[in-house]
Amino acid sequence: MSVIERAEVLITSPGRNFVTLRITTSDGVTGLGDATLNGRELAVASYLEDHLVPLLIGRDPARIEDMWQYLYRGAYWRRGPVTMTAISAVDTALWDIKGKVAGLPVYQLLGGRSREGVLVYTHASGADTAALLDDVARAQELGYQAIRAQAAVPGIAGTYGVKKDGKYEPANSSLPEEQPWSTGAYLRFAPTYLRAVRERFGFDFHLLHDVHHRLTPQEAARFGKEVEDVQLFWMEDPTPVENQEAFRLIRRHTTTPIAVGEVLTSIWDVQHLITEQLIDYVRTTVVHAGGITHLRRIFDLAALYQVRSGSHGASDLSPVCQAAAIHLDTAIPNFGIQEHMGYPDQVAEVFRTGVTYADGHLHVSDEPGLGVEYDDEAAAAFPYNPKYLPVARRLDGSVHDW
Ligand code: GCO
Ligand code: MG
């Protein structure tokens, strides 16, 4: 019987930090899993290295479900981003291995194709409305059929979602930057630029917007209602997700679709949002919500309630997570949309991925497994470089939700 012989935690920073788990079997087959938790990378690396790797050695790599149950229930402590990201990495690497052993791409192991390509949305942003409109035009020229629009709120420096030097990357300083926030200014301005996008480009593409947990339930209800005429594909994270009752209030007032889940890590975290139909899209991801095994379970639950997938796909999720997500998106019946933010150029030197973009869609290759290779030599040129997301403060100095 083939057993797990080695498991290595690989850390690299080709323009941004990535943690990767590589599992090698006694037959010499390797599998990759993304273990990146933005701004808390080393906590997951330690969880894996100190607590999980010793448990993996000698076990059967084919028993993916059993491994998931063993690591989840066996930890005693449940859920949470560090634990779930570590479990995700093991799970994803084992699916990669199973595909390579079977000679099949992972989407075939998940039931085969439900669709040819995976509809993706990209980011457009700007320091003001004119700059945002230029960026939407750029995204359309690249063929994107779904675009997330954000613009800097006048008078508020460093507003969430706006690019610096042509690339969007909020985690850009070695200690968290503190940025001002004014809900009033945002609520006055955001509807105007969303309307300007529709006025200039029409309704023949999907328009998305990320509120990034900045509003109270009442403010979010008002915002959703006010932008109904722009027909958003979704408003994302309108309010912090800890108090899920809040979404009932938003729902009562607006038909603007709601997407939630990038910070949630298990089926229990999204259970009520889904079963009480408080959201339209669930944004949990392979890397933070327990790997392919657990995300499939979340999406199957969601399918019963006509909730569709809309996985987080920011550039702090590695190409290994991206490939796993595209395999899953290709196979599931209730796929909605996939975020596609792109990566700094150096990322392609470390991760060779079979995922390709064409006409607003991502496609997986038919290589066995996930179709991603990791170049150790290239990775060594990019040492870990601690970076943090900013912290938002209201104009009176108190901390707001980022
Ligand atoms: C998104 C997200 C990201 C997150 C980042 C956190 O919708 O893409 O909100 O921009 O802020 O991934 O690590
Ligand atoms: Mg988001």
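Residues numbered from 1 in each chain as written. Chains lettered and ligands numbered in written order. Predicted model: local features only at pLDDT ≥ 70, side-chain atom pairs only at ≥ 80, totals over all residues.

Participant: Can you help me understand the overall build of the protein in this one?
Facilitator: Helix and strand content of the protein: 13 helices and 18 strands. Expected size for 402 residues packed as a compact globule is a radius of gyration near 21 Å; at 21 Å, the protein falls within 12% of this value. In terms of overall dimensions, the protein has a C-alpha envelope of 65 × 45 × 40 Å along the principal axes. Counting all 402 residues of the protein, 49% fall into the buried class. (Helix = DSSP H or I, 4+ residues; strand = E, 2+ residues; numbered from the N terminus. Rg over C-alpha atoms; globule rule 2.2 N^0.38 Å. Buried ≥ 20, exposed ≤ 12 C-beta atoms within 10 Å, placed from the backbone.)

Participant: Would you explain the confidence of the model for the protein in this entry?
Facilitator: Atom-level detail of predicted coordinates should not be read off regions where pLDDT is low. Residues with a pLDDT of 70 or more make up 99% of the protein, whose mean pLDDT is 96. Interface confidence for the predicted complex, given as ipTM, is 0.98, next to a pTM of 0.97. (pLDDT = per-residue confidence, 0-100.)

Participant: Sorry, what's going on with the nonpolar core here?
Facilitator: Formed by 112 residues in total, the largest nonpolar core has its most connected members in Leu21, Leu48, Val90, Ile147, Ala149, Ile279 and Ala324. For this core, the element with the highest residue contribution is helix 3 (residues 81-102), accounting for nine residues. Shared between two domains, this core takes at least three residues from each, and those domains are domain 1 (4-105) and domain 2 (109-368). If we skip the residues at most four places from it in the chain, alanine 324 touches Thr92, Val106, Val286, Ile292 and Leu370. (Core = buried A, V, L, I, M, F, W, Y, C linked by C-beta atoms within 7 Å. Domains from an automatic or database assignment. Contact = placed C-beta atoms within 7 Å.)

Participant: Is there a simple way to explain the site of ligand 1 in this structure?
Facilitator: What surrounds ligand 1 is the set Asn38, Pro170, Asp210, His212, Glu262, His312, Ala314, Asp316, Glu339 and Leu389. Classifying every residue of the shell around ligand 1 gives three nonpolar, three polar and four charged. (Near = placed C-beta within 6 Å. Nonpolar A, V, L, I, M, F, W, Y, C, P; charged D, E, K, R; others polar.)

Participant: It is not clear to me how the sheet that holds strand 3 (residues 30-34) should be interpreted in this structure. Could you clarify?
Facilitator: Sheet strands associate in pairs through backbone hydrogen bonding, adopting either a parallel or an antiparallel arrangement. Here three strands make up an open sheet; going across it, the order is 1-2-3 and the pairing antiparallel. Each of the sheet's edge strands pairs with one partner strand only, and the pair in question is strand 1 (4-12) and strand 3. The mean inter-strand angle of the sheet, taken between neighbouring strand axes irrespective of direction, is 20°. (Pairing = 2+ DSSP bridges. Axes fitted to C-alpha atoms, helices over the stretch in contact; angles between N-to-C directions.)

Participant: Would you mind going over the sheet that holds strand 6 (residues 178-181) with me for this structure?
Facilitator: Reading across the sheet, the three strands line up as 6-17-18 and stay open at both edges, with mixed pairing between neighbours. Strands at the two margins of the open sheet, each flanked by one partner only, are strand 6 and strand 18 (399-400). Here strand 6 runs beside strand 17 (residues 391-394); their pairing, made up of four bridges, is parallel. Bridging across to strand 17, tryptophan 181 finds its partner in arginine 394.

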